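Analysis of the macromolecular model
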Amino acid sequence: MEFEVKSNQLIEELRQHGIRERVLGAMKSVHRHLFVPEREQENAYGDYPLMIGFNQTISAPHMVAIMCDLLDIRDGMKVLEIGAGSGYHAAVMAVLAGSGHVYTVERIEPLALLARQNLKKAGIENVTVIVGDGSLGLPEYAPYDRISVAAASPEILDTLTDQLKIGGKLIIPVGKNYQELYLVTKTDGLKKEVKGDVVFVPLVGKKGF
Ligand code: SAH
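Residues numbered from 1 in each chain as written. Predicted model: local features only at pLDDT ≥ 70, side-chain atom pairs only at ≥ 80, totals over all residues. Heavy atoms only, no water.

Per an unreviewed UniProt entry, the protein chain goes by Protein-L-isoaspartate O-methyltransferase and derives from Candidatus Methanoperedens nitratireducens. What UniProt states about the protein chain under its Function (unreviewed entry) heading is, verbatim, "Catalyzes the methyl esterification of L-isoaspartyl residues in peptides and proteins that result from spontaneous decomposition of normal L-aspartyl and L-asparaginyl residues. It plays a role in the repair and/or degradation of damaged proteins." (UniProt positions renumbered as here; feature names shortened; annotations may be inferred.)

**Digging into empty space enclosed by the protein**
One water molecule sets the probe size; rolling that probe over the atoms shows where empty space is left. Summed over all chains, the structure comprises 1 cavity of 30 Å³ or more. Here the largest cavity is characterised by a volume of approximately 40 Å³. Taken together, Ser 7, Leu 10, Ile 11, Met 27, Val 30, Arg 32, Tyr 45 and Tyr 88 make up the full set of residues lining the largest cavity. Broken down by element, the lining of the largest cavity gets its largest block of residues, 3 residues, from helix H1 (residues 2–16). Residues of the lining of the largest cavity, tallied by class, amount to 6 nonpolar, 1 polar and 1 charged. (1 Å grid on protein atoms, 1.4 Å probe; cavity = no way out; pocket = protein on both sides within 12 Å on 5 of 7 lines; lining within 4 Å. Points joined across faces, edges and corners; volume = space filled by probe spheres on them. Helix = DSSP H or I, 4+ residues; strand = E, 2+ residues; numbered from the N terminus. Nonpolar A, V, L, I, M, F, W, Y, C, P; charged D, E, K, R; others polar.)

**Let's talk about the site of the ligand**
In the vicinity of the ligand, 25 residues are found, and the nearest of them are Ser 86, Glu 106, Asp 133, Gly 134 and Val 204. Considering the ligand on its own, with 580 Å² of exposed area, one finds that the protein chains cover 99% of that surface. Here the ligand is seated within the largest pocket. Among the secondary structure elements, those contributing two or more residues to the shell around the ligand are strand S2 (56–58), helix H4 (88–97) and strand S4 (101–106). (Near = heavy atom within 4 Å. Areas by Shrake-Rupley, 256 points an atom, 1.4 Å probe, with all protein chains shown as cover. Sits in = over half its atoms within 2 Å of the grid points.)

Written out as structure tokens, the structure reads:
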């Protein structure tokens, strides 16, 4: 009950930020307390990142909301996430994808296991968590309608834009200590738009830092 009150407050704050109702509905349906460690339960509905172990974080709710809003995930889409972490962001995208599917790549194996457990607890069935280097994308299931990168990348990666469908969209933070959040739309070329300043943990790996 206490969780519900805090969750409703959080959703109301996000609504004030102009996040669209479809995204708010998905965020409301995924219980963030199922994705944060025991010691952080009381902070589960605060609008800030939390440590999830291995020096990694679950992103702040407003960041998940903004990225989902910009990415415009629709029913039936095939979505790739780089950086599963706790699995929370993947869960929200999975609700938005509905009959579609989310593939999420995580390089730290224990975190991938944690994400799988959390998704199971939350009853989310349309997410596959894969251990690997997401800086190379996930060619096995390409091309994707949408790609969401949850770690700071040195550049807009060709490995990822190559794995997008025509008409597909990629959201990616680019920069070292601070980043610009890029929304990239693939048509016959690549349309690149900066959507704000953000701070993410680094993308490590072959094409990362
Ligand atoms: N989306 C997550 C938060 C991600 S934090 C959530 O909702 O909880 C960023 C994650 O990216 C970390 O877990 C980190 O281990 C992972 N990461 C960093 N570089 C990576 C790479 N090259 N491939 C896959 N995962 C990577």
